[in-house]
Amino acid sequence: SLKLFCNFSPQATFRFAVTTGSGPFGFLILPLKQRSGDSDGLLSDEYTPQEQADCCVVIDWLSKQSWCNGYVGMCGISWGGFNSLQVAALQPLALKAIVTLCASDDRHADDVHYMGGAMLTENISWSNVMMSMNALPPDPQIRADWREVWQARLQANACWAEQWITHATRDAYWQQGSVCQDYSKVKIPVLAVAGWDDSYSNFVMRLLENLSGPRLGILGPWSHAFPCRGAPGPHIGWLQECLRWWKHWLNGEATGIMDEPMLRVWVSGQEEPAPSYEVHEGRWVGERVWPKPGVVGRKLFLNDGALGDVAGGAATVKSPATAGIECGRWGGYGGGAPDLPLDQRREDAQALCFDTAPLDAPMTLVGGPVLEVDLVSDQPLGHLIARLCVVAPDGVSSLACYGVLNLARRNGMDRNDPLPVDEVVRVGLRLDDLARDVPAGYRLRLAISNQHWPILWPQPALATYLISNGVLRLPVHEGGEEVTWQPPEIAPSLVTETLSPSESSRVISQDVGRGEVKVTLREHAGATLIVDRGIAVFDGSKEEYVIHADDPLCASMTSETLTGSKFGPVDARVLARTSLSADTTHFNLSWLVETRDHGQVIHRMEGSKRLPRGGL
């Protein structure tokens, strides 16, 4: 049996609470993409204190219902995963456990906005998505005053990228809602879940390392989706695992969930690079404790193109502004959408590379590689990008993981310290976590560059780095235990009718006369009719990134979405467009939102701002 409860609170997105017939407990489920739903709320930003406080009110309400034993759990993916961690840190009395998927414990260093202190272009794209979402109407079947609520939303809409760019360092704005500020505030049990093809995978191992309460981590092969349905596969019996978790922590049943290894991780096998996969090669491994006690990373030195046991040597790197184009898409989906990294050989040719000898025996890596180098730059601003690749005997180079650092943030993400030109600085960089089997006969390659377009917005000038005294520590893994899962189960889908098919594309084109390279990303979720409600919905986007190999100041991007719905008296269509360019000192941000009702424009919002770059 299933009971569905909804709580609509002013200034909050909608929340769902569900109880199952297997136990008299409640839990709170948060949706993937959020707006104000059918409430009176006007969404002003991500992860606001008001939003978190509203969650606490809902939890308290759930705990006092006659069908609830007073124990409440919270589960969410993406935005809802952030919420689950944030609310756990507030310690509402009735909240006894959470499940957080595809999220982060650090809003600045590891979210959609910044990576290693460098600005992600996704910062602009996500803002554009939220502008379009915030311009959609509520459901007239729930709100009789839906037109008035819709108008209020349109008037309150804003370009959130403005404040995200303004807060260029890790200040109080980002610290709010980042549970890494004080892990000790999260005292209840946490199940943290992510997939390797998602950009939100690092938080799982960090939570296992830093939380002190009961905790489990699952890292699978998926992208930004639930493990029972997200691609690439293979899928697992995720819903059964959730029931084991909830019955144990909310109903006191002996399900054996806490007898599982603390970390269950998918170790990727060797595959040819491809823009998407249906199913990945690999295997499941479990570790009883994570980080694994007594493990010391294997130390390799960078020396004259070699990655090995001998230290010494210095070399320079100056990557073109176009470097990074074949490294995939930040926040992409790898199951059908062509978002994943391609063969890295052309990228490697634009970088400073260090290779191991062919491996005598297979090697397994689980964790985050760490790089330290001495660096001399001829520019005060620049990025450091390190890619770890697996190179096959035939030369094909597969991207295993990468890390980036805005060198103006080398002394802390809360600081803006331009480099002293032509002086030696010691720099440390932790790459993203990975789990990878490397076969015998293959080589590992460390590729160092200073551009990563279009994932990162480039610094004003192309810099030349002198790299020396480099050390790479690899998280070599041995042992572990076999992990098995129940087969995936999932409820029947809604009955829908496809009005137009979904499609996605990623096109890289070069104008050899102008010397420009353009990356065009298109996603069309298609148009779908939800039959039982008679609701037709559609969603599509287009992003364009243009840059010249020799001039990062000519970089420009435009993100455009078209979304809408049609049912009953509603016929809404929203076009949102955001563009960004820059000069040496400022960003030029412009935006437009045009909302139509039955084909007629009822609201138009546009604006532009010049914003200081602040070391970006």
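Residues numbered from 1 in each chain as written. Predicted model: local features only at pLDDT ≥ 70, side-chain atom pairs only at ≥ 80, totals over all residues. Heavy atoms only, no water.

A. View of the pairing of strand β28 (residues 535-548). Direction of pairing for strand β27 (residues 516-530) relative to β28: antiparallel, over a ladder of 14 bridges. Note on β28: the bridge partner recorded for A527 is F538. Two strands pair when backbone bridges link them, and β28 and strand β29 (residues 551-567) are joined in this way by twelve bridges, in the antiparallel orientation. Residue pairing in the sheet places E543 in a bridge with S559 of β29. The loop that links β28 with its antiparallel partner β29 comprises two residues. (Pairing = 2+ DSSP bridges. Helix = DSSP H or I, 4+ residues; strand = E, 2+ residues; numbered from the N terminus.)

B. Quick look at the layout of surface pockets. By volume, the second largest pocket is sized at about 920 Å³. If you trace the second largest pocket, you find 38 residues lining it, with G368, V370, R430, L431 and D433 closest to the centre. At the level of elements, α7 (202-210), β16 (363-367), β19 (397-406), β20 (425-430) and β23 (465-474) are the ones that each hand at least two residues to the lining of the second largest pocket. Considering every element that reaches the lining of the second largest pocket, the biggest residue donor is α7, with four residues. Of the residues contributing to the lining of the second largest pocket, the split by class is 19 nonpolar, nine polar and ten charged. (1 Å grid on protein atoms, 1.4 Å probe; cavity = no way out; pocket = protein on both sides within 12 Å on 5 of 7 lines; lining within 4 Å. Points joined across faces, edges and corners; volume = space filled by probe spheres on them. Nonpolar A, V, L, I, M, F, W, Y, C, P; charged D, E, K, R; others polar.)

C. Representation of the packing of helix α1 (residues 49-63) against helix α2 (residues 79-90) in the model. Packing of α1 against α2 brings their axes to within 10 Å, and their N-to-C directions diverge by 75 degrees. What the angle tells us is that α1 and α2 run roughly perpendicular. Along the contact surface, α1 presents E51, Q52, C55, C56 and I59, while α2 presents W79, N83, Q86, V87 and L90. Here the residues of the contact of α1 with α2 are counted per class, giving six nonpolar, three polar and one charged. (Axes fitted to C-alpha atoms, helices over the stretch in contact; angles between N-to-C directions. Parallel < 35°, antiparallel > 145°, perpendicular 65-115°, else oblique. Contact = heavy atoms within 4.5 Å.)

D. Structural context of helix α3 (residues 122-133). Its twelve residues place the ends of α3 16 Å apart at the C-alpha level, agreeing with the 16 Å of an ideal helix rising 1.5 Å per residue. For α3, a buried count of twelve out of twelve residues is recorded, marking the element as mostly surrounded by other parts of the structure. Residues of α3 that are buried include every one of E122, N123, I124, S125, W126, S127, N128, V129, M130, M131, S132 and M133, and no others. (Expected span 1.5 Å × (residues − 1). Buried < 20%, exposed > 50% of the residue type's maximum accessible area, 1.4 Å probe, protein only.)

E. Region of interest: empty space enclosed by the protein. This model, assessed by the stated rule, comprises four cavities of 30 Å³ or more. Approximately 760 Å³ is the volume attributed to the largest cavity. If you go around the largest cavity, you meet 42 residues; those closest to its centre are W196, D197, P341, L399 and A400. Looking at the lining of the largest cavity, the elements that each hand over two or more residues are β6 (114-115), β19 and β21 (434-438). Per-element tally for the lining of the largest cavity: the top contributor is β19, with five residues. A breakdown of the residues in the lining of the largest cavity according to their chemical character gives 22 nonpolar, ten polar and ten charged. Estimated volume of the second largest cavity: approximately 130 Å³. What lines the second largest cavity is a set of 14 residues, among which G328, R329, W330, P454 and L521 lie closest to the centre. Elements that contribute at least two residues to the lining of the second largest cavity include exactly β27 and β28. By residue class, the composition of the lining of the second largest cavity is eight nonpolar, two polar and four charged.

F. Geometry of the side chain of S565. Within the secondary structure, S565 sits in strand β29. When sequence neighbours within four positions are dropped, the list of residues in contact with S565 reads A536, V537, F538, V570, D571 and A572.

G. Broad picture of the pairing of β21. Judged by how many residues are buried, β21 sits mostly within the fold: five of five residues are covered. Alternating positions in β21 separate into two faces, L434, R436 and V438 on one and A435 and D437 on the other, with burial throughout. Bridging between β16 and β21 involves five bridges; their strand directions are antiparallel. The residue bridging L365 from the neighbouring strand is R436, located in β21.

H. The arrangement of the confidence of the model for the protein chain in detail. Across the protein chain, pLDDT averages 92, with 94% of residues at or above 70. With pLDDT under 50 throughout, residues 1-22 is counted as low confidence; its partners more than four residues away or in other chains account for 73 contacts. (pLDDT = per-residue confidence, 0-100.)

I. View of the pattern of salt bridges. Within the structure shown, the criterion is met by 34 salt bridges. For K64, the salt bridge identified is with D60, shortest N-O distance 3.0 Å. A relative accessible area of 62% places K64 in the exposed class. The partner of E260 in a salt bridge is R264, and the shortest N-O contact between them spans 3.9 Å. Note on E260: relative accessible area 24%, which makes it partly exposed. (Salt bridge = Lys/Arg side-chain N within 4 Å of Asp/Glu carboxyl O.)

J. Spatial organisation of the packing of aromatic side chains. Under the counting rule described, the total for this entry stands at 15 aromatic pairs. When the centroid spacing of 5.8 Å and the interplanar angle of 80 degrees are considered together, the rings of Y114 and W174 count as edge-to-face. Of this pair, Y114 sits in strand β6 while W174 sits in helix α6 (residues 172-175); the two residues are 60 residues apart in sequence, bridging distant segments of the chain. Note on accessibility: Y114 and W174 belong to one class, buried. Ring centres of W453 and Y545 lie 5.9 Å apart, and the angle between their planes is 85 degrees; this geometry places the pair in the edge-to-face category. Remark: Y545 occurs in strand β28 and W453 occurs in the loop between β22 (443-449) and β23; sequence separation between them is 92 residues. (Phe/Tyr/Trp six-rings, centres within 6.5 Å; stacked < 30°, edge-to-face > 60°.)

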